[in-house]
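# Architecture at a glance
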Amino acid sequence: MAWTNEDVARQFAEIVTLLKLSGADQFRVRAYERAAGAIGAAPTDLATLDEAGIAALRGIGASTARKVSEYLTTGKIAMLEDLRGAVPAGLVELIRVPGLGPKTARLLYDSLGINSVEALREAIETERLRGLPGLGVKTEANLRDAIARVGAKDTGRVPMADAVAVAEELCRRLRELPVVEDVTYAGSLRRMRETIGDIDILAASTAPAHVHDALRSSELVTDVLAAGDKKTSVIVRRGIQADLRVVAPEAYGAALIYFTGSKDHNVRIRERAVRSGLTLNEYGLFDKETERRLECRTEAEVYEQLGLPFIPPPMREDTGEVQAAVAGNLPAVVHLEDIRGDLHGHSDWSGDGKATLEEMVAAAAGLGYEYWAVTDHAEGLPMNGLSRQQMLQRRTAIEMLQERYDIRILEGAELNIGPEGDVDYDPQFLATLDFCVASIHTLMTRAGAVQTRRIITAMENPAVHAIGHLTGRKIGGRPPYDVDLDAILDAAKRTGTALEVNASPHRLDISSDMVRRAVEAGVTLTISCDGHSVGDLRSMRYGVGTAQRGWATSQDVLNCRPLDGLFDFVAAKRT
Ligand SMILES: [Zn+2]
Ligand SMILES: [Zn+2]
C-alpha cells in the first residue's frame, strides 16, 4: 500500500495550517492538531485498517477516522479541498518565510493586501509594515533576513516527499488492471532527486486505451489536461502533474530507460548504441540496418545489449557513470538490503518522539534490523531533552526491553551542538552510551564559518560518533547553512567521525552531491531515518537513494556493518 501514516498526517497538518490562516477558532485548530499528532503516532499502518479500526486508535475520534478513511480510498479529503479553495494561495506562500506565522500572515494580508513573498519584500523596503500593531522595527529586520534565506523563487518543483506517495498509489491502482503487465513511476522521482517537476508513469500493456481510461477516471485525479492514445496528462492533488505513457511489453525496458532519464544519461548511452549499429529510443532498441526491434522487456536487457552492466536509476545523471560502466569500474552502490540497522531515532522519552520506545524497537525489529539506536534529545535542548536522571531511567527501560527483543537496542543520544561546539552531559557519562549523534538545533542562523567551527569542535569530542543533518536544511523550506564542506570532511577523517545521510525525505541531509565528495574523501557515512514515529522508519530507502546518487557503496556506510564492526568504529573514536 502506498499511503503512509506520515502522508495522512501531512494532510491533517495542512488542514491545521489552513484553518489558522482562515482565522478559525483555536479549539477547532487544536482538535485537528491533536488528530495530526495521533495519526503520526499511530503504531500501525492506517491503510491496513477499516474506519472502525482507525477510530479505535489512541487519540483518534470518529470524525477524524471518517476523514482518514476518505483519504485512503479517494486520495482526497473534501474538507481540505474546500479549505484550499477558500484560503488565498499567496497566504500559504507567506508562511514559507521562516518565523512568519499564520497570524502575522493573516494580518499582513488583511491590512496591506500582501499576498506573496515578493509583495512582503517590497512592503519592507518601503517601510509599510511599520504602522501595523505588534510589528516593530525588530520584526521587520527579522523578516528581511528570513526572506533572504528563503532564497531563489520556487521554480515549480515539488519536494520528492510530496509526490512519492501519490505516485505509488497511482501505480498500485494501475497494477490491479488485468491488462497491465508492468507499471512503475519513472523520471526524476525514480532517480530520487530531492525535488521533482512532475510524475512520469510508464505502463506495459497490449491494451493501452484501457489503461489511459483507467487513469483519467481515477478518483485521485482532479483534472485531465490531455488525453491522447500515447500519453495522458492529469493533475493529481495539490497541483502535481502526472503523465502516463503506455508501451508494448517488448519495448518496456527501452521506454523505461528513456522516461527515467536523465536526458544527459540517455544521450550518453544512445551514442554508445549508435557505435554498436543500434538505435535506442522510447519505442525500443533497434538494429539500425534491418530496423528490427530487439526484444528488451527489462532495462537490464537493454544495458546488456549495449555491453553495459545495469546502472541504478539514481546514478543516471551523466556524472561519469556511463564511462565507469564502460571501463568496468562502476561502483556497486549500497542497496536497502545492505542496511543492518538505524543509528538515529527517537522515542517518546523525549518530548518530540511520537511512539513509545517499545513501539519503535518492535518496528525496527520488524524491518529485520540487527540493531537500532535510540538517540533521544539530550539535556541541552530545554524543551524536550532528557536529563541525566531520565537517561538512567531510560537505561533501565532499555534493559528490560532487551530481554524480550532479539534486535540490539543501542543506548544513545542526539547531542545538541552548543554555541562553541560543546555537547551535553559530561565525558564520564557520555562514555557509558553506545552511540551518539551530534547535531545543530539552536543558533541556526549563524554564518557558515561559525557553524563549521561548531561542528568541527563537536567532531573532536570522543563521544560524538556521527554528525546529524549537517546543513539543517528542510527541502522546500529552510535553506542549508553554508558550511565549509572540505574542512568538515578533513575533520571527519581526522577524528574518525561519520557524517549522516538523514533519510527523512524532507531533509536528505547531507545531499547527494555532498555524499559524492564525502565518498571521494574516504569519509564514513551513516544512513539514518531520524525517526520520530514508527512510519518514519520506512524512510530509509530515500537515504539509500541519496547515497546511491552520491555513489556510496556499503563499505562507505557504517550501518551496513555488523554490530562488532560498528563497535570497532565507536571504540576507535574513543581512543
Ligand atoms: Zn536533530
Ligand atoms: Zn533526531
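Further up the page is the structure itself.
Residues numbered from 1 in each chain as written. Chains lettered and ligands numbered in written order. Predicted model: local features only at pLDDT ≥ 70, side-chain atom pairs only at ≥ 80, totals over all residues. Heavy atoms only, no water.

### Some remarks on the coordination of the zinc ion (ligand 1)
Going by this rule: Distances decide who is a donor: an N, O or S atom must be within 2.8 Å of the metal, or within 3.2 Å for Na, K and Ca. Water is not included, so sites may look incomplete. For every residue, the accessible area (1.4 Å probe, protein chains only) is compared with the maximum for its type, and the residue is labelled buried under 20%, exposed over 50%, or partly exposed between those bounds.
Taken together, E414 (OE), H441 (NE2) and H469 (NE2) make up the protein donors of the zinc ion (ligand 1), found 2.1 to 2.2 Å from the metal. Each donor residue of the zinc ion (ligand 1) lies on the same chain, and together they follow the pattern E-x26-H-x27-H. You can call H441 partly exposed: its relative accessible area is 22%.

### With respect to empty space enclosed by the protein
Put simply, the rule is: Think of a 1 Å grid over just the protein atoms. A cavity is a set of points where a 1.4 Å probe fits yet cannot get out, a pocket is an open set with protein on both sides within 12 Å along at least five of seven lines, and lining residues have an atom within 4 Å of a point. Grid points are joined across faces, edges and corners, and a volume is the space filled by probe spheres set on the points. Secondary structure elements are taken from DSSP: a helix is a run of H or I of four residues or more, a strand is a run of E of two residues or more, and numbering for both begins at the N terminus.
Scanning the model with the defined rule gives one cavity of 30 Å³ or more in all. Approximately 30 Å³ is the volume found for the largest cavity. Around the largest cavity, the lining residues are A254, I257, Y258, N266, R270 and L280. Of all elements in the fold, only helix 13 (252-260) and helix 14 (263-275) reach the threshold of two or more residues within the lining of the largest cavity.

### Structural notes on the sheet that holds strand 15 (residues 466-467)
As a reminder, the rule being used: Pairing between two strands requires that DSSP report at least two bridges joining them. The contact criterion used is simple: two residues touch if any of their non-hydrogen atoms lie within 4.5 Å. Here an angle of 0 to 180 degrees is reported between the N-to-C directions of two axes, which are lines fitted to C-alpha atoms, with helices fitted over the stretch in contact.
Spatially, 11-12-13-14-15-16-17 is the arrangement adopted by the seven strands of the open sheet, whose pairing is parallel. Both edges of this open sheet fall to strand 11 (341-342) and strand 17 (525-528), since each of them pairs with a single strand only. As judged from the seven bridges shared by strand 12 (residues 371-377) and strand 13 (residues 408-416), these two strands associate in the parallel manner. The residue of strand 13 that forms the bridge with H377 is E414. Contacting strand 12 and strand 13, helix 17 (residues 357-366) runs over the sheet at an angle of about 150° to strand 12.

### Some words on the environment of I456
With respect to the helices and strands, the residue I456 is situated in helix 20 (residues 448-459). If we ignore the near neighbours within four places in the chain, the residues touching I456 are A487, I488, A491 and R494.

### Observations regarding the pattern of salt bridges
Counted only if it meets this: Each reported salt bridge corresponds to a side-chain nitrogen of Lys or Arg within 4 Å of a carboxyl oxygen of Asp or Glu.
On inspection of all chains with the given rule, the structure shows 39 salt bridges. Put simply, E219 and R173 hold a salt bridge, and the shortest N to O gap is 3.3 Å. In this pair, E219 sits in the loop between helix 12 (208-216) and strand 5 (221-227) while R173 sits in helix 10 (residues 160-175), placing the two residues 46 residues apart along the sequence. In this structure, the salt-bridge partner of R395 is E411, at a minimum N-O distance of 2.8 Å. Taken as a pair, R395 in helix 18 (residues 388-402) and E411 in strand 13 lie far apart in primary sequence, 16 residues in all. Here the salt bridges share partners, and the residues they tie into one network are E169, R172, R173, E176 and E219.

### Focus: the nonpolar core
To keep things clear, this is the line we draw: Only buried residues count toward a nonpolar core, which is a set of Ala, Val, Leu, Ile, Met, Phe, Trp, Tyr and Cys residues joined through side-chain atoms within 4.5 Å.
Counting residues in each nonpolar core, the largest one holds 79 residues, and the members touching the most others are F12, L46, L120, L129, I199, I201 and V236. The element that contributes the greatest number of residues to this core is helix 10, accounting for nine residues. Filtering out sequence-adjacent residues up to four positions away, I201 remains in contact with L170, C171, L174, V183, T184, Y185, D243, L244 and R245. Counting 65 residues, the second largest nonpolar core, distinct from the first, contains I407, L499, A547 and A552.

### Some details on the packing of helix 1 (residues 5-21) against helix 5 (residues 78-86)
Formally: By the definition adopted for this analysis, an angle is roughly parallel if under 35 degrees, roughly antiparallel if over 145, roughly perpendicular if from 65 to 115, and oblique otherwise. What makes a crossing left-handed is the near helix being turned counterclockwise from the far one by less than a right angle; a clockwise turn instead makes it right-handed. Amino acid classes used here: Ala, Val, Leu, Ile, Met, Phe, Trp, Tyr, Cys and Pro are nonpolar; Asp, Glu, Lys and Arg are charged; the rest, including Gly, are polar.
Interhelical geometry of helix 1 versus helix 5 gives an angle of 40° and a closest axis separation of 10 Å. Considering the angle they form, helix 1 stands oblique to helix 5. Both helix 1 and helix 5 take part in a crossing whose hand is left-handed. Residues Q11, E14, I15, L18 and L19 of helix 1 form the contact with helix 5, whose own contacting residues are M79, L80, L83 and R84. A breakdown of the residues in the contact of helix 1 with helix 5 according to their chemical character gives six nonpolar, one polar and two charged.

### Some details on helix 13
The buried count for helix 13 comes to eight of nine residues, which makes it a mostly enclosed element. Three or more residues of helix 13 are buried, namely Y252, G253, A254, A255, L256, I257, F259 and T260. One or two positions beyond helix 13, positive phi appears at G261, with a value near 70°.

### Looking at the side chain of H344
Where we set the bar: Here a polar contact is taken to be a pair of N or O atoms separated by no more than 3.5 Å, where protein atoms must pair a possible hydrogen donor with a possible acceptor and residues adjacent in sequence count only if both atoms sit in side chains.
Positionally, H344 belongs in the loop between strand 11 and helix 17. Among the polar contacts made by the side chain of H344, one reaches the side chain of E414 at a distance of 3.0 Å. In terms of polar contacts, H344 uses its side chain to reach the side chain of D530, at 2.8 Å. With residues near it in sequence (within four places) discarded, H344 still touches A373, T375, E414, V437, H469, E500, N502, S528, C529, D530 and G531.

### Re the sheet that holds strand 10 (residues 293-294)
Spatially, three strands are ordered 8-9-10 in an open sheet, and the strand pairing comes out antiparallel. Where the open sheet ends on each side, the last strands, each with one partner, are strand 8 (278-281) and strand 10. The pairing of strand 9 (residues 284-287) with strand 10 spans two bridges and is antiparallel. Bridging from a neighbouring strand, F286 pairs with R293 of strand 10.

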